[in-house]
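Per-entry structural report
This is what each chain is made of:
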There are 2 protein chains.
Amino acid sequence: MSDTDITVRKTEKLYEGKAKILYATNRPDLLIQHFKDDATAFNGQKKGVIAHKGALNNAISSGIFERMEKEGIHTHFVARMGERDMLVRKVAIIPIEVVVRNIVAGSLAKRLGKPTGMNLSTPVLEFYYKDDKLGDPMINDYHIRAFGLATDEEMAHISGEALRINQWLINFFDSVGVQLVDYKLEFGRTEEGTVLLADEISPDGCRLWDKQSGEIMDKDRFRQDLGRITEAYEEMARRVSGAR
Amino acid sequence: MSDTDITVRKTEKLYEGKAKILYATNRPDLLIQHFKDDATAFNGQKKGVIAHKGALNNAISSGIFERMEKEGIHTHFVARMGERDMLVRKVAIIPIEVVVRNIVAGSLAKRLGKPTGMNLSTPVLEFYYKDDKLGDPMINDYHIRAFGLATDEEMAHISGEALRINQWLINFFDSVGVQLVDYKLEFGRTEEGTVLLADEISPDGCRLWDKQSGEIMDKDRFRQDLGRITEAYEEMARRVSGAR
């Protein structure tokens, strides 16, 4: 979308999540996604603040979504609005977290007893039912069908898009010296039933390793108390904004 | 197979599991599967003995496999050999437990917060990586592909067979007054690469509820200390052997 010459202003708060707030606007088809500095990990058991994270994630996510749109990957992104706000198309979030993995890390290493850093021979998609109270349990296509979380057509689209997005993101991050280990995607339906990539793409939901040094440049610095957390997010914002 | 006029005898013990022992035989293509009375639950944390279980599970499983073979469902079953032994084709077990669910119960109820007894609108297949040390973690087609646990062709065959087996088993158990809630299947490859249904189908790996009374007629009686465990297995053996 390119109608950025409209006047859009926040009206009421619709939803406050762990790292973002969603606001309605004077336009029924548009929302404002506000990025907070709050950070949580381990399903909310660890809480903290990462200084400037909101602004940095907005910059990183806006930069990536803008490039994706140019490549024909359809997202909810409309425009970056100031430091911490992103104007987005209104979608109903499909309650499925899509995790895309290229390299073994995190819960996959633990669950399947595989070494962190092992290259996967093909990308792995995992689906999780978005439900904090249940701890976001893993599901598959059969659960999604039986419980009506998405249609078979939507799931075919989402899986295909996730793999297409993955190929694009691997190349994009590679071009800025970063290995894309794994990350989470969320999709939403517009009122017309179009499925768009939604939420954000930032170091909060991605594992990003520096290609040269192997240094961790994502929220694992917070999870594992590695220090220099804001610095890592700043470095990622710098690289994304400087990308070709 | 119908070559039951051969003389087959146990040679060395190949593998001892929680509920069964596998023996080699004097025939390189045949094994003997011996059913024990030992019972375990909660990934081996609870241990006990269910009197006569070995003989009853052999009778139930043999009765079901024999009928399946007549319906064109290919299994490793060759013949029942005495009280506790089953002659089977030698297969390499594919390390994936296929769980088939028709009604919400057990871990699905807990994981997804759905009520026990809720009918699923379509059957749910779940795949678990057979690894006791890892606690048999849930996996999906992508993990299976990335870690080479089975080929895409094998998985398409296994999923198709599981759904076909499910339809047959629902009808079979219904005909003996039993609701088939959920169960576990294992498949194996012959040396020629044919994929066959293997392991067993018994109250150890199925949830079976009496259609009239709702009474639990499976290993949940052991898991939940409900008493009259052998009696439930005996009743299931009686119904299976008396089926049309």
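Here goes a summary of the coordinates provided. Note that the structure is predicted; figures quoted are calculated from it, not measured.

A look at the overall build of chain A
A tally of helices and strands in chain A yields six helices and 15 strands. Over its C-alpha atoms chain A spans a radius of gyration of 17 Å, differing by no more than 12% from the 18 Å that the globule rule assigns to 244 residues. Overall size of chain A, expressed as C-alpha extent along the three principal axes, is 50 × 45 × 35 Å. Taken across its 244 residues, chain A has 55% of its residues classed as buried. Put simply, of all contacts in chain A between residues at least 6 apart along the chain, 57% involve residues at least 24 apart. A total of about 10,800 Å² of accessible surface is found on chain A, and carbon and sulfur atoms cover 49% of it.

Overview of the sheet that holds strand S3 (residues 30-35) of chain B
The strands making up a sheet associate through backbone hydrogen bonding, with each pair oriented either parallel or antiparallel. All names here are of chain B. Reading across from one edge, S1-S2-S3-S7-S6 is the order of the five strands in this open sheet, with antiparallel pairing throughout. Bordering the open sheet on either side are strand S1 (10-16) and strand S6 (77-81), each of which pairs with just one other strand. Strand-to-strand, the axes of this sheet are offset by a mean angle of 30 degrees, without reference to chain direction. The pairing of S1 with strand S2 (residues 20-25) spans four bridges and is classified as antiparallel. Opposite Lys 13, over in S2, you have Tyr 23 as the bridge partner.

Observations concerning the sheet that holds strand S12 (residues 178-185) of chain B
Residue and element names in this part refer to chain B. One open sheet holds the five strands; their spatial order is S11-S10-S9-S12-S15, and the pairing between them is antiparallel. Since the sheet does not close on itself, it has two edges, and those belong to strand S11 (138-139) and strand S15 (206-210), each with one partner. In terms of strand pairing, strand S10 (residues 119-129) meets S11 through two bridges, oriented antiparallel. In the strand pairing of S11, Phe 127 is matched with Ile 139. Contacts from helix H4 (residues 152-175) reach strand S9 (96-103), S10, S12 and S15, with the element oriented near 155 degrees to S12.

Quick look at H4 of chain B
Taking 1.5 Å as the rise per residue, H4 of chain B with 24 residues should run 34 Å; its terminal C-alpha atoms sit 35 Å apart, in good agreement. Glu 154, Met 155, Ile 158, Ser 159, Glu 161, Ala 162, Ile 165, Asn 166, Trp 168, Leu 169, Phe 172 and Phe 173 of chain B are the residues of H4 of chain B that are buried.

Let's talk about the packing of aromatic side chains
Residue and element names in this part refer to chain A. Considering all chains together, one arrives at six aromatic pairs over all chains under this definition. Seen from their ring centres, Phe 65 and Phe 77 are 6.3 Å apart, and the 40 degrees between their planes marks the pair as tilted. One end of the pair, Phe 65, is in helix H1 (residues 53-70); the other, Phe 77, is in strand S6 (residues 77-81), with 12 residues separating them in the sequence. Their ring planes at 70 degrees and their centres at 5.5 Å tell us that Phe 172 and Phe 173 sit as a pair that is edge-to-face. For Phe 173, a relative accessible area of 1% gives the class buried. Put simply, the rings of Trp 168, Phe 172 and Phe 173 pair up and form one aromatic cluster. Note that Lys 10 overlies the ring of Tyr 23, its terminal NZ or CZ placed 4.5 Å from the centroid.

Some words on the interface of chain A and chain B
Between chain A and chain B, the residue contacts involve 27 residues of the former and 27 residues of the latter. Of the roughly 2,300 Å² buried at the junction of chain A and chain B (both faces included), carbon and sulfur atoms supply 68%. In this structure, the connection of chain A to chain B is made through zero salt bridges. Looking at the side of chain A that touches chain B, the elements with two or more residues in it are helix H2 (106-112), strand S10 (119-129), strand S11 (138-139) and helix H3 (141-146) of chain A. Looking at the side of chain A that touches chain B element by element, the count peaks at eight residues for S10 of chain A. Considering only residue class, the side of chain A that touches chain B consists of 16 nonpolar, six polar and five charged.

What about the side chain of Asp 37 of chain B?
All names here are of chain B. Here Asp 37 is to be found in the loop between S3 and strand S4 (38-41). Within the structure, the side chain of Asp 37 is placed 3.5 Å from the backbone nitrogen of His 52, a separation counted as a polar contact. Leaving out residues up to four positions away in the same chain, Asp 37 has contacts with Gly 48, Val 49, Ile 50, Ala 51, His 52, Lys 53, Gly 54, Ala 55 and Arg 84.

Overview of the environment of Gln 179 of chain A
All names here are of chain A. With respect to the helices and strands, the residue Gln 179 is situated in strand S12 (residues 178-185). Spatially, the C-alpha atom of Gln 179 lies 23 Å from that of Ile 158, the residues being 21 residues apart in sequence. Those residues in contact with Gln 179 that sit more than four places away from it in its chain are Ile 103, Arg 207, Leu 208, Trp 209 and Lys 211.

Some points on the relation of the copies chain A and chain B
In screw terms, the move from chain A to chain B is a rotation of 180 degrees and a rise of 0.0 Å along the axis, fitting with an RMSD of 0.0 Å. Such a turn and shift between the copies fits a two-fold axis. Considering only C-alpha atoms, the residue of chain A closest to the rotation axis is Asn 140 of chain A, which sits at 3.4 Å. The fraction of interface residues of chain A whose copies in chain B are also interface residues reaches 100%, indicating that both copies meet through the same surface.

Notes on the side chain of Glu 200 of chain A
Residues and elements named next belong to chain A. For Glu 200, the position within the fold is in the loop between strand S14 (195-197) and strand S15 (206-210). A distance of 2.6 Å separates the side chain of Glu 200 from the side chain of Lys 20, its partner in a polar contact. Contacts of Glu 200, omitting those with residues within four sequence positions, involve Lys 20, Gln 33, Phe 35, Asn 57, Ser 61 and Phe 65.

Structural notes on the pairing of S4 of chain B
Residue and element names in this part refer to chain B. As paired elements, S4 and strand S5 (residues 46-49) share four bridges and run antiparallel to each other. When the bridges of S5 are listed, Ala 39 appears paired with Gly 48. Hairpin connection from S4 to S5: four residues lie between these consecutive antiparallel strands, with Phe 42 at a positive phi of about 55 degrees.

What about the pairing of strand S7 (residues 85-89) of chain B?
Residue and element names in this part refer to chain B. Of all five residues making up S7, four are buried, and the element is well covered by its neighbours. Where S3 and S7 come together, five bridges link them in antiparallel fashion. Bridge pairing in S7 links Leu 30 to Arg 89. Examined bridge by bridge, S6 and S7 share four bridges and lie antiparallel to one another. Of the residues in S7, the one forming a bridge with Phe 77 is Val 88.

Calculation notes
- Residues numbered from 1 in each chain as written.
- Chains lettered and ligands numbered in written order.
- Predicted model: local features only at pLDDT ≥ 70, side-chain atom pairs only at ≥ 80, totals over all residues.
- Heavy atoms only, no water.
- Helix = DSSP H or I, 4+ residues; strand = E, 2+ residues; numbered from the N terminus.
- Rg over C-alpha atoms; globule rule 2.2 N^0.38 Å.
- Buried < 20%, exposed > 50% of the residue type's maximum accessible area, 1.4 Å probe, protein only.
- Contact = heavy atoms within 4.5 Å.
- Areas by Shrake-Rupley, 256 points an atom, 1.4 Å probe, with all protein chains shown as cover.
- Pairing = 2+ DSSP bridges.
- Axes fitted to C-alpha atoms, helices over the stretch in contact; angles between N-to-C directions.
- Expected span 1.5 Å × (residues − 1).
- Phe/Tyr/Trp six-rings, centres within 6.5 Å; stacked < 30°, edge-to-face > 60°.
- Lys NZ or Arg CZ within 6 Å of the ring centre and 35° of its normal.
- Buried area = accessible area lost by both parts, 1.4 Å probe.
- Salt bridge = Lys/Arg side-chain N within 4 Å of Asp/Glu carboxyl O.
- Nonpolar A, V, L, I, M, F, W, Y, C, P; charged D, E, K, R; others polar.
- Polar contact = N/O pair within 3.5 Å; in protein donor to acceptor, adjacent residues only side chain to side chain.
- Least-squares fit on C-alpha atoms with pLDDT ≥ 70 in both.

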